[in-house]
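Structural features, examined
Each chain, written out:
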Amino acid sequence: MAETHDHWQIAYAALDSSTLLSLLPVLQAGREKAMEMLKIDLRHHEQMEGTDAYTAELWGEALAAFDARIAANDPSREKLAELRDKVQQMLGEQVGRTKQTKGETRVHEYLWAHQQREIWIREELARRGLLPTF
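What you see is a predicted model, and the numbers here were worked out from it, not measured in a lab.

The rules behind the values
Residues numbered from 1 in each chain as written. Predicted model: local features only at pLDDT ≥ 70, side-chain atom pairs only at ≥ 80, totals over all residues. Heavy atoms only, no water. Helix = DSSP H or I, 4+ residues; strand = E, 2+ residues; numbered from the N terminus. Expected span 1.5 Å × (residues − 1). Buried < 20%, exposed > 50% of the residue type's maximum accessible area, 1.4 Å probe, protein only. Salt bridge = Lys/Arg side-chain N within 4 Å of Asp/Glu carboxyl O. Phe/Tyr/Trp six-rings, centres within 6.5 Å; stacked < 30°, edge-to-face > 60°.

With that settled, the discussion passes to helix H2 (residues 17–69). Taking 1.5 Å of rise per residue, the 53 residues of H2 would be expected to cover 78 Å, and the 78 Å separating its terminal C-alpha atoms lies within 8% of that figure. Where H2 is concerned, the buried positions are Ser17, Leu20, Leu24, Leu27, Gly30, Ala34, Leu38, His45, Asp52 and Leu63.

What follows is the structure in structure tokens.
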């Protein structure tokens, strides 16, 4: 998630110390907003995973019920097995996509950008001697 454009660093470096200091509360508010959005996203993804698992369970039960009604030597049994495999593959891919999107959201990028700016400002103010160094 490294930001390739450092245009904000150039702009921030040109600001006076009081302006940099006044940006910190704004950045902190943006970070807090992003954290709330992440919590909402997390709840949404957890619900989607639950829905995906429930859907897979229902499909499994329905296909098992059809399988039980088909005679062992019936050629449609093979078609049913193919359908079951396709459904399981599709549902597995859907669950995978849902899990993958958890870590790839714009909110994460927004949060990361705010954190990087806050860190940069604090380091710059410490470099200028306005904040103590640790």
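Structure shown, so let's carry the discussion forward.
Scanning the model with the defined rule gives five salt bridges in all. Residues arginine 122 and glutamate 118 are paired through a salt bridge, measuring 3.8 Å at the closest nitrogen-oxygen approach. Of this pair, arginine 122 and glutamate 118 both sit in helix H4 (residues 106–127), four residues apart, roughly one helical turn. Here the salt bridges do not stand alone but share partners, grouping Arg31, Glu118 and Arg122 into one network.

With that settled, the discussion passes to the packing of aromatic side chains. The geometry of an aromatic ring pair is captured by the separation of the ring centres together with the interplanar angle, meaning the angle of the planes. Using the criterion set out here, one finds three aromatic pairs in the structure. Judged by centre distance (6.1 Å) and plane angle (80°), the rings of tryptophan 8 and tryptophan 120 are edge-to-face. Placement of the pair is tryptophan 8 in helix H1 (residues 7–13) and tryptophan 120 in helix H4, with a sequence separation of 112 residues. Per residue, the accessibility class of tryptophan 8 equals that of tryptophan 120, and both read buried. A centroid spacing of 6.0 Å and a plane angle of 65° characterise the contact between tyrosine 12 and tryptophan 120, whose relative ring orientation is edge-to-face. Of this pair, tyrosine 12 sits in helix H1 while tryptophan 120 sits in helix H4, placing them 108 residues apart in sequence. Of the two residues, tyrosine 12 and tryptophan 120, neither departs from the other in class, the shared state being buried.

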